[in-house]
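The primary structure of each chain is shown beneath.
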Amino acid sequence: MTVRTRFSPSPTGMIHLGNARAALFSDLYAAKHDGHFILRIEDTDVSRSEIQFVESLQEDLHWLQINWQEGPGVEGQHGPYWQSQRQEIYGKYYKILEEKKLIYPCFCTDQELNLARKLQLSRGQAPRYSGTCRKLTEAEIAKRLSEGQKPAWRFSVPAHQTIEFTDTVKGLQQFKSDDIGDFIVRRADGTAPFIFCNAIDDAMMEISHVLRGEDHLANTPRQIMLLTILNLSIPKYGHLSLIVGDDGSPLSKRHGSFSVHEMRAKGFLPIAIINYLARLGHTCDTQELLPFAELAKHFQLDKLSRSPARFDPVQLMYWQKLAVQSLDIPAVWRWLGETIQNTVPENMRQLFAETIKANLEFPEDAAIWAKIFFHENVQLDEMEADIVREAGEQFFVEAELAVDKFGMDLPAILAEMKQTLGVQGKKLFMPLRAALTGKAHGPELAQIAHLLGAKKMKHRLSRAFKLASIQQASGTE
RNA sequence: GCUCCCUUCGUCUAGUGGUCAGGACAUCGCCCUCUCACGGCGAGAACACGAGUUCGAAUCUCGUAGGGAGCGCCA
């Protein structure tokens, strides 16, 4: 059997980490089995769908390296891949259902429905369509239609049945049809709602495996009923447990920014995100940072966890660090982005990227170093100023002399200062580091020296000298 | 309220009747080292609770508690 999976977002917002995970898993599964991954845009809710979201969604997916073999921009055998363009397909099935008397028109208004729901809820019952319009006679229906009322159509859920299926993640599932109310399969305006078109499209597109959020679990028996009655093929369904925030509640803006778009803007690397996601609620038998193709090889449906997983930003950062370190220098340079690139002199690019790479998590970290290296002065914080004062005037006198003598050759400078001052180790390096960079921590000093150049080094050392002498003057009072 | 799903270190998880309950991230300590990071070594840290089945239960059964989802002319 050819594996065909799909991701079917509705373009009502930016793509989220949870969505991205469902898409990723679907793609990984297809890739693992040399199948097709299909992107289908479920834009049937015209009022909420926006074209801009369709575009950003595709962009985000591509950025994550989630690529579809059929879908928008990649036409295939089973198009169109926009649900809004598939409405006539559904018409055919409405006809069959109507002929078989499996659906009926419902004239109930929103108010009536809401009232009934509230009543049932207050009585401790599950809110379910009561079946008012199911009992309508032909004559009554004809009368209402002639009055110009526009009905929605509901599926007559059969009584006393058990719908069974084996979820590829959660195992055997059983639902009683008596727990399921007659649901709408066709809106009053003639369009098909999710439950219907999603199932029909999966069948039409010959989807073999559906991986979707657990929130769809209860929809599954309905869709199976429909497909069974229409004699269409039923995909294997697997329901992914949801991702929750660190407090166990559903992931939301409260927990930070988790739209793929924002993560991208922040500087997350796609490889970091997909490696993290592939190990969230899924066991991967290796701990290495893997490219997409490798991730696909290691993806297994039976390694999917049944329990909800917490999103852990710290663990994500681990993958981000690995991902950054795995980048080669040209890739680091590109990743830094234009703003930072513009602050680094052309001939310094290679050295700059090499020097700070190990200290980077995001491009914004590089911005700090670019400022330190290429702006005129550095600002010392209290701790760094203390280090400078403690070293004393003489330290910086000697340092300046050494720079005069050896330029930016730091090993030589250090050797000289070791001689003249008789200090070494931390006492030698820290004051220099503080004076030159304004920070107690950072990359290799020898490379920093080359980034700064002798002139800037002298300038900063003389400023450090002044700082140290003020301290000495006041200290002798 | 009803239906369904879930419950192993702080987090992600391995584990399918007999394990010193394993790994990763995080934390802490040591080493490496001019600092941070990297790397190496090590430590602390978990079977939600209660019954039952069994010679033996994280593993099977039933309850309880807690968390989540669904119950739309949204998807």
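1. What to know about the protein's contact with RNA strand B
Line of reasoning, step 1. The environment of RNA strand B is formed by 58 residues, the closest being Gly124, Pro127, Arg187, His441 and Glu444.
Line of reasoning, step 2. If you look at RNA strand B and keep only atoms within 4 Å of the protein, 69% of those are sugar or phosphate atoms.
Line of reasoning, step 3. Contact distances for RNA strand B include 2.6 Å between a sugar or linking oxygen and a backbone N or O atom of Arg279.
Line of reasoning, step 4. Between RNA strand B and the protein, one listed contact pairs a base oxygen with a side-chain N or O atom of Asn359 at 2.6 Å.
Line of reasoning, step 5. Of all the elements in the fold, those that place two or more residues in the surface near RNA strand B are α4 (110–122), β4 (152–155), β11 (309–310), α11 (313–326) and α19 (426–437).
Line of reasoning, step 6. Ranked by residue count, the leading element in the surface near RNA strand B is α19, at four residues.
Line of reasoning, step 7. Tallied by class, residues from the surface near RNA strand B come to 24 nonpolar, 17 polar and 17 charged.

2. Concerning the domain arrangement of chain A
Line of reasoning, step 1. Examined at the domain level, chain A breaks down into domain 1 (86–240), domain 2 (253–331) and domain 3 (376–476).
Line of reasoning, step 2. For domain 2 and domain 3, the distance between their C-alpha centroids amounts to 41 Å.

3. Concerning the pairing of strand β1 (residues 4–7)
Line of reasoning, step 1. Side chains of β1 alternate between two faces, with Arg4 and Arg6 and Thr5 and Phe7 buried alike.
Line of reasoning, step 2. When β1 meets strand β2 (residues 36–39), the two strands line up parallel, connected through four bridges. Considered in β2, the bridge of Phe7 is made with Leu39.
Line of reasoning, step 3. The β-α-β motif built from β1, the intervening helix α1 (residues 17–32) and the parallel element β2 has right-handed crossover chirality.

4. So, the pattern of salt bridges
Line of reasoning, step 1. For the structure on display, the rule yields 20 salt bridges.
Line of reasoning, step 2. With its nearest N and O atoms 3.7 Å apart, the salt bridge here joins Arg264 to Asp60. Pair noted here: Arg264 is in helix α8 (residues 260–266) and Asp60 is in helix α2 (residues 51–63), with a separation of 204 residues, a long-range link.
Line of reasoning, step 3. Measuring nitrogen to oxygen at the nearest pair gives 2.5 Å for the salt bridge that ties Lys170 to Glu214. One end of the pair, Lys170, is in the loop between β5 (162–167) and β6 (171–176); the other, Glu214, is in the loop between β8 (209–213) and α7 (220–229), with 44 residues separating them in the sequence.
Line of reasoning, step 4. Using a relative accessible area of 26% as the deciding quantity, one classes Glu214 as partly exposed.
Line of reasoning, step 5. Taken together, the salt bridges that share partners define one network made up of Arg6, Arg40, Glu42, Arg86, Asp201 and Asp202.

5. Some details on the sheet that holds β4
Line of reasoning, step 1. Reading across from one edge, β3-β4-β7 is the order of the three strands in this open sheet, with antiparallel pairing throughout. Edge strands, defined here as strands with exactly one partner in the open sheet, are β3 (103–106) and β7 (184–186). Each strand of the sheet is rotated relative to its neighbour by a mean of 45 degrees, with strand direction disregarded.

6. Some points on the packing of aromatic side chains
Line of reasoning, step 1. Overall, the coordinates contain 15 aromatic pairs when judged by the stated rule.
Line of reasoning, step 2. For the pair Phe352 and Phe373, a centre-to-centre distance of 6.1 Å together with 90 degrees between the ring planes defines the contact as edge-to-face. With Phe352 in helix α14 (residues 349–356) and Phe373 in helix α15 (residues 363–374), this residue pair connects regions lying 21 residues apart in the sequence. Residues Phe352 and Phe373 agree in their burial class; the two are buried.
Line of reasoning, step 3. An angle of 70 degrees between the planes, with centres 5.0 Å apart, marks the rings of Phe395 and Phe396 as edge-to-face. For the residue pair Phe395 and Phe396, the accessibility class agrees, reading buried in each case.
Line of reasoning, step 4. Against the face of Tyr94 rests Arg186, its NZ or CZ located 5.1 Å from the ring centre.
Line of reasoning, step 5. Here Lys266 stacks its cationic end above the ring of Phe362, 4.6 Å away from the centre of that ring.

7. Here's the deal with the pairing of β6
Line of reasoning, step 1. Pairing between β5 and β6: six bridges, direction antiparallel. Paired with Thr162 across the bridge in β6 is Lys176.
Line of reasoning, step 2. Between the end of β5 and the start of β6, which pair antiparallel, lie three residues.

8. Observations concerning the confidence of the model for chain A
Line of reasoning, step 1. Summary statistics for chain A give a mean pLDDT of 91 and a share of 97% for residues scoring 70 or more.
Line of reasoning, step 2. For this predicted complex, the interface score ipTM comes out at 0.93, while the overall pTM is 0.92.

9. Some remarks on the side chain of Thr191
Line of reasoning, step 1. Relative to the elements of secondary structure, Thr191 occurs in the loop between β7 and α6 (194–204).
Line of reasoning, step 2. The class of Thr191 is buried, set by a relative accessible area of 18%.
Line of reasoning, step 3. Side chain to side chain, Thr191 and Asp189 meet in a polar contact 2.6 Å long.
Line of reasoning, step 4. Excluding anything up to four places from it in sequence, Thr191 contacts Gln87, Tyr94 and Arg186.

10. Quick look at the environment of Thr109
Line of reasoning, step 1. Here Thr109 lies in the loop between β3 and α4.
Line of reasoning, step 2. As for Thr109 and Ala152, which are separated by 43 residues in sequence, their C-alpha atoms are 9.8 Å apart.

Criteria and thresholds
- Residues numbered from 1 in each chain as written.
- Chains lettered and ligands numbered in written order.
- Predicted model: local features only at pLDDT ≥ 70, side-chain atom pairs only at ≥ 80, totals over all residues.
- Heavy atoms only, no water.
- Near = heavy atom within 4 Å.
- Polar contact = N/O pair within 3.5 Å; in protein donor to acceptor, adjacent residues only side chain to side chain.
- Helix = DSSP H or I, 4+ residues; strand = E, 2+ residues; numbered from the N terminus.
- Nonpolar A, V, L, I, M, F, W, Y, C, P; charged D, E, K, R; others polar.
- Domains from an automatic or database assignment.
- Buried < 20%, exposed > 50% of the residue type's maximum accessible area, 1.4 Å probe, protein only.
- Pairing = 2+ DSSP bridges.
- Right-handed = clockwise from strand over helix to strand, strands pointing away.
- Salt bridge = Lys/Arg side-chain N within 4 Å of Asp/Glu carboxyl O.
- Axes fitted to C-alpha atoms, helices over the stretch in contact; angles between N-to-C directions.
- Phe/Tyr/Trp six-rings, centres within 6.5 Å; stacked < 30°, edge-to-face > 60°.
- Lys NZ or Arg CZ within 6 Å of the ring centre and 35° of its normal.
- pLDDT = per-residue confidence, 0-100.
- Contact = heavy atoms within 4.5 Å.

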